[in-house]
Amino acid sequence: MSDLIRTEQRTGHELQQVELEPHLDHKPVAPIEQDETLAARLIEIRRQLHRNPELSGEEFETTAAIRGWLEEEGITIATDYKLRTGLIAEIGEGDGPIVALRADIDALPLQEETKLEYASQVDGKAHACGHDAHTAILIGAARLLKQREAQLQGKVRLIFQPSEEKATGARQVIQSGALTDVGSIFGLHNKPDLQVGTVGIREGALMASADGFVVKVEGVGTHAAVPEAGIDPIVVASHIVTALQAIVSRNVGAQESAVISVTKIHSGTAWNVIPDEAILDGTVRTFDEKVRARIRERLNQVVSGVAAAYGTRASVRWIQGPPAVVNDASLAAEVERVVSQVGLKSVRPLPSPAGEDFAFYQKEVPGLFLFLGTSGRHEWHHPAFDLNERALPLGAHLLASLAEQALENLQAQQPVGD
């Protein structure tokens, strides 16, 4: 067993220790050259996007800006794939294999608190998850690939995907037909707790499935002074919240992993009235489809059982999110080699309980999602989130190199004609 590196992972305002298993045989072969022109351009692009965030499904100006930047590089926009927001572009010619690279482009509905010169200029909207950086990185990769287009052994399809935060964008892209004939797909996410120059790679489950639930408890309203005349849904809801906590501790094995969180409770309108209903909202995160199904079954049973014990009923409405991000093992091994070749350091991160709709692509074609170290001070979705922009050109070179190597591999696998 190799030694372990420990690093701090921020979750909200708290820090927790995360174990990272290093690849001790890491020997950079061909370090990424310092490309100050590329770096400056990507920083400019990222900051323009950061100042002008747009929420899921509203990325019209963002899409127009991306289109303009790609056209400046002479890159073809693939108009066959119809998307309301977001776009698809292609680099390469001929009938060879196709590799896809994906970046998400949407922002979050929160108020930025960074006080940076390039902070959001739109109240209540912010790129607090780094999708602006992902977009800039993919544009950088596109620029590099365009420069080497004549040497590509196939086509690279660039997916600028909308609505990741609502987990609907990947399915829109799939429905557009943009994964047709794609041999493999790659994507990345910035990782604040990893240092710039480090890439997190893991075969198998990397990020969790992310489902939501809404529980509606039926009560019988009455005056607060005579609760015996009704059925108090707040009491029932409180016991449901407590009972749900036992699902993970008593129905999920010690070698498995899951999270159930109730995140919102709403009931009542007056201090002296027992209401007639209570609503609970929450989320379930798992890394395994069997565990995911088991928790869903038990949560339904617990909710109905607790309600019945108090003489009433409760219903559960499920909001099915993306499945777990599960990386193809052979692609993970190949990515490790490319990371080393471009002079970056690979580590094996612990799986993240956050969700990512890149998982939908992996249900269609072999895919690999990785973490790009950005030396951030705050975790994703924090109002003061920011990242070290030195990571932008590194990510661009990495994605471009991954696409080139994947095309070579796919080309080698094609049968030789007579």
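Model, not experiment: these values are computed from the prediction.

This part covers the pairing of strand β7 (residues 182-191). Strand residues, when the strand is regular, have side chains that alternate between the two faces of the sheet. Most of β7 is tucked away: nine of the 10 residues are buried. Inspection of the sheet shows strand β5 (residues 98-104) paired to β7 by five bridges, in the parallel sense. Each residue of the ladder has a partner; that of Arg102, found in β7, is Gly187. Bridge analysis of β7 against strand β18 (residues 367-373) gives seven bridges, and the strand direction is parallel. Counterpart to Phe186 in the pairing with β18 is Leu368.

What follows concerns the nonpolar core. Ranked by size, the top nonpolar core spans 90 residues in total, and within it Leu70, Leu101, Leu158, Phe160, Phe186 and Leu398 carry the most contacts. In terms of residue count, the dominant contributor to this core is helix α9 (residues 391-413) (12 residues). Ignoring anything within four residues of it in the chain, the contact list for Phe186 reads Val99, Ala100, Leu101, Arg102, Leu331, Val335, Phe358, Leu368, Leu402 and Ala406. Of all hydrophobic cores here, the second largest spans 23 residues; its members include Leu244, Val252, Leu280 and Ile295.

Phi is positive for Ala167, close to 60 degrees, though the residue is something other than glycine. Relative to the assigned elements, Ala167 resides in the loop between β6 (155-161) and α4 (169-176). The residue Asp181 is not glycine, and still its phi comes out positive at about 70 degrees. Structurally, the position occupied by Asp181 is in the loop between α4 and β7.

Moving on, we come to helix α3 (residues 131-147). In this model, α3 (17 residues) spans 25 Å end to end at C-alpha, consistent with the 24 Å of a helix rising 1.5 Å per residue. Extensive coverage of α3 is indicated by the burial of 15 of its 17 residues.

This brings us to the sheet that holds strand β15 (residues 314-319). Through backbone hydrogen bonds, the strands of a sheet pair up, either in parallel or in antiparallel fashion. Reading across from one edge, β12-β14-β10-β15 is the order of the four strands in this open sheet, with antiparallel pairing throughout. In this open sheet, the two edge strands, each paired with only one partner strand, are β12 (258-267) and β15. Looking at each pair of strands side by side, their axes are set apart by 20 degrees on average, direction ignored. Where β12 meets strand β14 (residues 277-286), nine bridges bridge the pair, whose relative direction is antiparallel. Residue pairing in the sheet places Ser261 in a bridge with Thr283 of β14. Along the sheet, helix α6 (residues 289-309) contacts β10 (209-218), β12, β14 and β15; its crossing angle with β15, the most-contacted strand, is approximately 155 degrees.

Time to look at the side chain of His189. For His189, the location among the structural elements is in strand β7. On the basis of relative accessible area, His189 is assigned to the buried category, the value being 3%. Among the polar contacts made by the side chain of His189, one reaches the side chain of Trp380 at a distance of 3.5 Å. Other than its neighbours up to four places away in sequence, His189 contacts Cys129, His131, His134, Glu356, Phe369, Leu370, Phe371, Leu372 and Trp380.

Turning our eyes to something else, we now look at the pattern of salt bridges. Oppositely charged side chains can pair when the atoms bearing their charge come close. Scanning the entire structure with this criterion turns up 24 salt bridges. One salt bridge in this structure joins Arg51 and Glu117, with 2.8 Å as the shortest N-O distance. Of this pair, Arg51 sits in helix α1 (residues 36-51) while Glu117 is found in the loop between β5 and α3, placing the two residues 66 residues apart along the sequence. Residue Glu117 is classed as exposed on the basis of its relative accessible area of 58%. One salt bridge in this structure joins Lys191 and Asp193, with 2.7 Å as the shortest N-O distance. The pair formed by Lys191 and Asp193 is uniform in burial state, with each residue classed as buried.

Each value, and the rule that gives it
- In every chain, residue numbers begin from 1 and rise along the written sequence.
- Local features in a predicted model are, by the rule used here, given only for residues with pLDDT of at least 70; side-chain atom pairs are given and counted only at 80 or more, and totals for whole chains, interfaces and linings are based on all residues.
- Calculated side-chain values reflect all of the structure's heavy atoms, with hydrogen atoms and water omitted.
- Relative accessibility under 20% of the residue-type maximum defines a buried residue, over 50% an exposed one, and the middle range a partly exposed one, all with a 1.4 Å probe and only protein chains included.
- Where helices and strands are cited, they refer to DSSP runs of H or I of at least four residues and of E of at least two residues respectively, numbered from the N terminus.
- Pairs of strands are assigned from DSSP output, requiring at least two bridges between the strands.
- Joining through side-chain atoms within 4.5 Å is the link that ties buried Ala, Val, Leu, Ile, Met, Phe, Trp, Tyr and Cys residues into a set, and such a set is a nonpolar core.
- Contacts are assigned to residue pairs with any non-hydrogen atoms lying within 4.5 Å of each other.
- Expected span of a helix: the number of residues minus one, times 1.5 Å.
- Axes, fitted as lines to C-alpha atoms, cover a helix only where it is in contact. Angles between the N-to-C directions of the axes lie from 0 to 180 degrees.
- N or O atoms closer than or at 3.5 Å make up a polar contact, with two conditions inside protein: a donor-capable atom paired with an acceptor-capable one, and, for residues adjacent in sequence, both atoms drawn from side chains.
- Salt bridges are identified by distance alone: a Lys or Arg side-chain nitrogen within 4 Å of an Asp or Glu carboxyl oxygen.

So yeah, pure geometry; function would need other evidence.
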